[in-house]
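# Residue-level structural notes
Chain by chain, the residues:
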Amino acid sequence: MSSSIALTYIAAAVLFILGIKFLSSPKTARYGNLLAAFGMLIALVATIPLLGTGETSLLKQGWNLSYTLMVVGIVIGLIIGAIGAYSVKMTAMPQMVAAFNGLGGGSAALVASLEFLRRAQNQDITAFVAVTMLFATLIGSLSFSGSIIAFLKLEGKFEKPHTFPGQNLLNGLILAVILGLCVYLTGWVATNTTAFVVMFVLALVFGVAMVMPIGGADMPVVISLLNSFTGLAVAADGFTINNISMIVAGTLVGSSGTLLTLLMCRAMNRPVTNVLFGAFGSGGGGPAAAAGVAGTVKPIQADEAALLLAYAQRVVIVPGYGMAVAQAQHQVRELSDELGKRGVEVQFAIHPVAGRMPGHMNVLLAEANVPYDQLQEMEAINPSMDRVDVCLVIGANDVVNPAAREDKSSPIYGMPIIEADHAKTVIVMKRSMAKGFAGIENHLFYKDNTRMLFGDAKASLNALVAAVKAN
Ligand code: NAP
């Protein structure tokens, strides 16, 4: 590889790293995305000379390349990406990430497969290269099929965990056969394509088998985990085809995906093994949750709720998945502004796993131009929740469920929550008594200090804003 190409790859890698750094704040996230995309562009352009001429060129290595096909591929990818990005609804972002991640995993698996078969047929393969490419094929393909199942689950298809007796044993058996085939293929010379194809197909089956027993609600965690798998597959590809930017980009995706998975699990107080094998969301819940909770549900009308808000000193708003479904972020901002004009101190309490993807609430509130300094993280706001006059819960459910603190038999016991119930008055806005993602009863709705404002969040907020203005 010429030094100018190597330098271009290093520049691309630096842009990827800066891109991720900028993504850590909503203020700079847009630039981060642009920087990383620019990095990808220069990495793509730098790859072209490598394909055609020079000692390490792919043409010299016996590849049969068509520039026309590559350009057609890039154009198709650009069109699909742009249409997807412009048309996706904010609530469907996790599906989009699942789809893109699946395609990334599938591509990494294809690159590794073709390179493995080509080198093996030319008898030009060391054990290290064979292991690296089999690793990339295995995790790339299971990431592909697993992401398709995650996408479908997020779309509401077979959302519940699908389990049967002996499932873990069967999955373990499939994995053992895959690993056995990998060991066999590592010492392989030339002709056994069948063993490779069987390994590839079993890896696809394993991806499906791995994700089917997991509930739809845990899909963001699964996608993040599969994302880290895709990153590792890409990095492994980079090692074998000698591409620095693939190694760096793959390692970045692999490590950030792993960190995100662990952070989400920590925020739910559940180990990764519980997410993967716990069949969470299968409608279970402890006896207390199933049998109902002590207390009564007390509805409230918008006029009365507006009075409580308008005459409060301090109001904390807890947004959740329902705010995203109702697309009510602009109405929330309007209400916050109206209250601010009346001298009410308004803050937003953000739970790390509110909604269906990390940062879901931050993105929606940023879109509605809610000032960042009004956003408070769970740990920061919880100690002062007992000094809050009104806590307005908008389409949040699990993340404010005191069962996580009070009920040892609850599946969410131990999960850190926003202590909404500590406020003097709690107003919960949702359409019905339906359960949240975890599928369990919410103790908050039955507390003495809680009032339920039933209805679609956007309609209820419009009514609240009008009533606050009238007061
Ligand atoms: P949630 O527990 O899923 O509850 C959302 C509530 O919104 C529902 O109870 C629903 O009740 C209400 N709702 C839906 N549409 C509405 C509308 N149009 N207007 C008003 N309300 C509406 O949500 P959450 O409290 O945000 O909790 C997130 C859950 O996802 C947690 O269990 C978390 O562990 C899980 N999770 C999140 C992530 C992540 O990265 N964010 C990752 C993995 C898992 P009605 O149907 O009665 O209206």
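Just so you know, these numbers come straight off a predicted model, no measurement behind them.

Here the focus is the overall build of the protein chain. Scanning the protein chain from N- to C-terminus turns up 18 helices and six strands. The 471 residues of the protein chain split such that 48% are buried. Restricting to contacts in the protein chain with at least 6 residues of sequence separation, those with at least 24 account for 76%. When the accessible surface of the protein chain is split by element, carbon and sulfur atoms take 66% of a total near 21600 Å².

On to the pairing of strand β2 (residues 345–350). Counting buried residues along β2, five of its six residues qualify, which places the element largely inside the surrounding structure. Pairing of strand β1 (residues 314–319) with β2 involves four bridges; the strand directions are parallel. Residue pairing for β2: Val315 is matched across the bridge by Val346. For the crossover from β2 across helix α15 (residues 360–367) to strand β3 (residues 375–377), the handedness is right-handed.

Bringing the confidence of the model for the protein chain into the picture now. Mean pLDDT over the protein chain: 88, with 92% of residues reaching 70 or higher. Below a pLDDT of 50 lies the segment residues 284–290, which in the model reaches 14 contacts outside its immediate sequence neighbourhood of four places, other chains included.

Before going further, it helps to spend a moment on the nonpolar core. Val318, Leu335, Phe348, Leu392, Val393, Ile394 and Leu464 are the most contacted members of the largest nonpolar core, which totals 71 residues. Broken down by element, the residue count for this core peaks at six residues, all from helix α18 (residues 457–470). Leave out the neighbours within four places in its chain, and Leu335 touches Leu309, Leu392, Leu461, Leu464, Val465 and Val468. Residues Ala195, Met210, Leu225 and Leu226 belong to the second largest nonpolar core, which totals 41 residues.

Below, the discussion takes up the site of the ligand. Surveying the vicinity of the ligand reveals 31 residues, the closest of which are Asn397, Asp398, Arg431, Ser432 and Asp456. Here Asn397 contributes a backbone N or O atom positioned 2.7 Å from an oxygen atom of the ligand. Take Val399: an N or O atom from its main chain is 3.4 Å from an oxygen atom of the ligand. Here the ligand, which alone exposes 920 Å², has 96% of that area covered by the protein.

Let's shift gears to the sheet that holds β3. Ordered by their spatial adjacency, six strands build an open sheet running β3-β2-β1-β4-β5-β6, and the pairing between neighbours is parallel. The sheet is open, and its two borders are formed by β3 and β6 (450–454), each paired with just one other strand. Going from strand to strand, the sheet's axes swing by 25° on average, the running direction of each strand aside. One ladder, built from five bridges, connects strand β5 (residues 425–430) with β6; its direction is parallel.

The subject of this paragraph is helix α7 (residues 193–211). Between its terminal C-alpha atoms α7 stretches 28 Å, which fits the 27 Å expected from 19 residues at 1.5 Å a residue. Residues of α7 that are buried include every one of Ala195, Phe196, Met199, Phe200, Ala203, Phe206, Gly207, Ala209, Met210 and Val211, and no others.

Applying the stated rule across the entire model yields one aromatic pair. Taking 5.2 Å as the distance between ring centres and 15° as the angle between the ring planes, the aromatic pair formed by Phe116 and Phe196 counts as stacked. Residue Phe116 is located in helix α4 (residues 93–121), and its partner Phe196 is located in helix α7; the two are separated by 80 residues in the primary sequence. Per residue, the accessibility class of Phe116 equals that of Phe196, and both read buried. Of note, Arg342 hangs over the ring of Tyr311, and the distance from its end group to the ring centre comes to 5.3 Å.

Now for the pairing of β1. With six of its six residues buried, β1 lies for the most part within the structure. The side-chain alternation of β1 yields two buried faces, one formed by Arg314, Val316 and Val318 and the other by Val315, Ile317 and Pro319. In this sheet, strand β4 (residues 390–394) lies alongside β1 in parallel orientation, the contact comprising five bridges. Within β4, the position partnered with Val316 by the bridge is Cys391.

Okay, unusual backbone geometry next. If you check the backbone angles, Gln327 has positive phi at about 50° while not being a glycine. Its location among the elements puts Gln327 in the loop between α13 (321–326) and α14 (329–341). For Asn369, which is not glycine, the phi torsion reads 60° and is therefore positive.

Where helix α5 (residues 127–154) meets helix α8 (residues 219–240), the closest approach of the two axes is 8 Å, and the angle between their N-to-C directions is 155°. As summarised for this structure, α5 and α8 are arranged roughly antiparallel, according to the angle between their axes. Considering only the axes of α5 and α8, their crossing is left-handed. Considering only residue class, the contact of α5 with α8 consists of 16 nonpolar, seven polar and two charged.

Of note, Val399 is situated in the loop between β4 and α17 (403–406). The exposure class of Val399 is buried, given its relative accessible area of 6%. Separated by 99 residues in sequence, Val399 and Ile300 have C-alpha atoms that sit 22 Å apart. If we ignore the near neighbours within four places in the chain, the residues touching Val399 are His351, Val353, Ala354, Met415, Ile417 and Ile418.

In this section: the side chain of Ser147. Relative to the helices and strands, Ser147 is located in helix α5. Looking at Ser147, its side chain comes within polar contact range of the side chain of Asn101, at 3.1 Å. Non-local contacts of Ser147, meaning those with residues more than four positions away in its chain, are made with Ala98, Asn101, Gly102 and Leu226.

Turning to the pattern of salt bridges, a few remarks are in order. Summed over the entire model, instances satisfying the criterion amount to 11 salt bridges. A salt bridge links Asp337 to Arg333; its shortest N-O distance comes to 3.0 Å. In this pair, Asp337 and Arg333 are both assigned in helix α14, four residues apart and thus about one turn of the helix distant. Arg333 gets classed as partly exposed once you look at its relative accessible area, which sits at 24%. Between Asp421 and Arg405 there is a salt bridge; the shortest N-O distance is 2.6 Å. Of this pair, Asp421 sits in the loop between α17 and β5 while Arg405 sits in helix α17; the two residues are 16 residues apart in sequence, bridging distant segments of the chain. Judged by its relative accessible area of 9%, Asp421 falls in the buried class. Salt bridges here are not isolated pairs; linked through shared partners, they connect Arg405, Glu406, Glu419, Asp421 and Lys447.

Conventions adopted
- Residues numbered from 1 in each chain as written.
- Predicted model: local features only at pLDDT ≥ 70, side-chain atom pairs only at ≥ 80, totals over all residues.
- Heavy atoms only, no water.
- Helix = DSSP H or I, 4+ residues; strand = E, 2+ residues; numbered from the N terminus.
- Buried < 20%, exposed > 50% of the residue type's maximum accessible area, 1.4 Å probe, protein only.
- Contact = heavy atoms within 4.5 Å.
- Areas by Shrake-Rupley, 256 points an atom, 1.4 Å probe, with all protein chains shown as cover.
- Pairing = 2+ DSSP bridges.
- Right-handed = clockwise from strand over helix to strand, strands pointing away.
- pLDDT = per-residue confidence, 0-100.
- Core = buried A, V, L, I, M, F, W, Y, C linked by side-chain atoms within 4.5 Å.
- Near = heavy atom within 4 Å.
- Polar contact = N/O pair within 3.5 Å; in protein donor to acceptor, adjacent residues only side chain to side chain.
- Axes fitted to C-alpha atoms, helices over the stretch in contact; angles between N-to-C directions.
- Expected span 1.5 Å × (residues − 1).
- Phe/Tyr/Trp six-rings, centres within 6.5 Å; stacked < 30°, edge-to-face > 60°.
- Lys NZ or Arg CZ within 6 Å of the ring centre and 35° of its normal.
- Parallel < 35°, antiparallel > 145°, perpendicular 65-115°, else oblique.
- Left-handed = near helix turned anticlockwise from the far one by under 90°.
- Nonpolar A, V, L, I, M, F, W, Y, C, P; charged D, E, K, R; others polar.
- Salt bridge = Lys/Arg side-chain N within 4 Å of Asp/Glu carboxyl O.

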